[in-house]
Amino acid sequence: MTNERIIKVTGKGNLKIKPDMTRITITLEGQNKEYAKTLAQSSRDTEALKDILEKQGFDRTAVKTLMFNVDTRYESYKARDKSWKERFVGYEFKHMVKVEFDSDNERLGKILFSLANAKDIHPDFRLSYTVKDPEASKNQLLGKAVADAKTKAEVLTQAAGVSLKDIKNIDYSWGEIQFEYAPMHRDMFCNKIMSDGAGAFDMDIEPDDIDVSDTVTVVWEIG
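On a predicted model such as this, the values are computed, not experimentally measured, just so you know.

Caption draft 1: Seen up close, a nonpolar patch on the surface. A grouping of Y35, L39 and F68 is seen on the molecular surface, where their side chains present a nonpolar patch of about 270 Å² in accessible area. The topology assignment puts F68 in strand β3 (residues 64–78).

Given below as structure tokens:
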């Protein structure tokens, strides 16, 4: 039996991507002493939010839930014996949703103005930018990582006086890559961005490129 001769090299791919999609992540929160009333409030607030977004051109089904949670809430108090204890305050809900659209500063200004000036709800929101076709970007990134591994392997084998043969294995983590760039949240909008007087914030945002990287490990047979 002959000993297999191999070389294992890890390549790294780097990619700068210009974002073309705008994402607004919106969080609704509230509390009530009764569980059923907490759920009812969550439902009312969510419908009120969808009403706002529908007026801005979104289908109600385009409002996607990222997280929904109802939890108990307690507060500390000082008892008569001077000891600190906890008592039940009520139930608290947190509902996080997102909407996405082709990047457009004019439309963005109108949407954020409507959220910041909502009467019945007080949503917290966060602005970020992403890409419309993340799979294409992932494939491009993977190709760069494999090419980098091959370049390194060729340098090493040439220096060692051997040659690359067939690929024996490629190890890729398949981990999730976040194609997202987040420049601002609600407080920054409300404090720094002024209305143009026509029911919209005057937005002038040019998002930076999204920097992503990933690695692959390639094993070649050498001769």
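Caption draft 2: Main features of the pairing of strand β1 (residues 6–17). Only one face of β1 is covered, namely the face carrying I7, V9, G11, G13, L15 and I17; the face carrying I6, K8, T10, K12, N14 and K16 is uncovered. Pairing between β1 and strand β8 (residues 210–222): 12 bridges, direction antiparallel. What sits directly across from K12, in β8, is T215.

Caption draft 3: Seen up close, the packing of aromatic side chains. Following the criterion strictly, the structure yields four aromatic pairs and no others. Centroid distance F58 to F101: 5.9 Å. Interplanar angle 70°. Geometry classified as edge-to-face. Of the two residues, F58 is situated in the loop between α1 (35–55) and β3 and F101 in strand β4 (residues 84–102); the sequence distance between them amounts to 43 residues. Judged on exposure class, the residue F58 and its partner F101 are both buried. Ring plane angle 70° and centroid distance 5.7 Å describe the contact between Y74 and F88, whose orientation is recorded as edge-to-face. Of this pair, Y74 sits in strand β3 while F88 is found in strand β4, placing the two residues 14 residues apart along the sequence.

Caption draft 4: Summary view of the sheet that holds β8. Pairing is antiparallel across the open sheet formed by three strands, whose spatial order is β1-β8-β6. The open sheet has two edge strands, β1 and β6 (164–172), and neither has a second partner. Between one strand axis and the next, the sheet turns through 30° on average, direction left out of account. With six bridges joining them, β6 and β8 adopt antiparallel strand pairing. Bridge pairing in β8 places I170 opposite V218. Contacts between helix α3 (residues 134–160) and the sheet are confined to β1, β6 and β8, with β1 contributing the most and set at about 140° to the helix.

Caption draft 5: Examining the nonpolar core more closely. If you look at the biggest cluster of nonpolar residues, it comprises 26 residues, and the most contacted ones within it are I24, I26, L49, L53, L108, L112 and L115. Put simply, the parts of the chain that give this core at least two residues each are β2 (21–32), α1, β4, α2 (105–116) and β5 (124–130). Ranked by the residues each element gives to this core, the list is headed by α2, at five residues. Not counting chain neighbours up to four residues away, the residues in contact with L108 comprise T22, I24, F101, L127, Y129 and M203. I17, A145, V212 and W220 belong to the second-largest nonpolar core, a separate cluster that totals 18 residues.

Caption draft 6: Molecular detail of the packing of α1 against α2. Where α1 contacts α2, the axes come no closer than 10 Å and their chain directions differ by 150°. Judged by the angle between their axes, α1 and α2 are roughly antiparallel. Considering how the two elements wind past one another, α1 and α2 form a crossing that is right-handed. Two secondary-structure elements touch here, α1 through L49, I52 and L53 and α2 through I111, S114 and L115. A class-by-class count of the residues in the contact of α1 with α2 yields five nonpolar, one polar and no charged.

Caption draft 7: Structural view of α3. Relative to the 39 Å expected for 27 residues at 1.5 Å per residue, α3 spans 39 Å between its end C-alpha atoms, a close match to the ideal helical length. Contacts made by the buried residues of α3 are with β1, β6 and β8.

Reading the values: the criteria
- Residues numbered from 1 in each chain as written.
- Predicted model: local features only at pLDDT ≥ 70, side-chain atom pairs only at ≥ 80, totals over all residues.
- Heavy atoms only, no water.
- Patch = residues over 30% accessible without salt bridge, like charges linked within 9 Å, V, L, I, M, F, W, Y side chains within 5 Å.
- Areas by Shrake-Rupley, 256 points an atom, 1.4 Å probe, with all protein chains shown as cover.
- Salt bridge = Lys/Arg side-chain N within 4 Å of Asp/Glu carboxyl O.
- Helix = DSSP H or I, 4+ residues; strand = E, 2+ residues; numbered from the N terminus.
- Buried < 20%, exposed > 50% of the residue type's maximum accessible area, 1.4 Å probe, protein only.
- Pairing = 2+ DSSP bridges.
- Phe/Tyr/Trp six-rings, centres within 6.5 Å; stacked < 30°, edge-to-face > 60°.
- Axes fitted to C-alpha atoms, helices over the stretch in contact; angles between N-to-C directions.
- Contact = heavy atoms within 4.5 Å.
- Core = buried A, V, L, I, M, F, W, Y, C linked by side-chain atoms within 4.5 Å.
- Parallel < 35°, antiparallel > 145°, perpendicular 65-115°, else oblique.
- Left-handed = near helix turned anticlockwise from the far one by under 90°.
- Nonpolar A, V, L, I, M, F, W, Y, C, P; charged D, E, K, R; others polar.
- Expected span 1.5 Å × (residues − 1).

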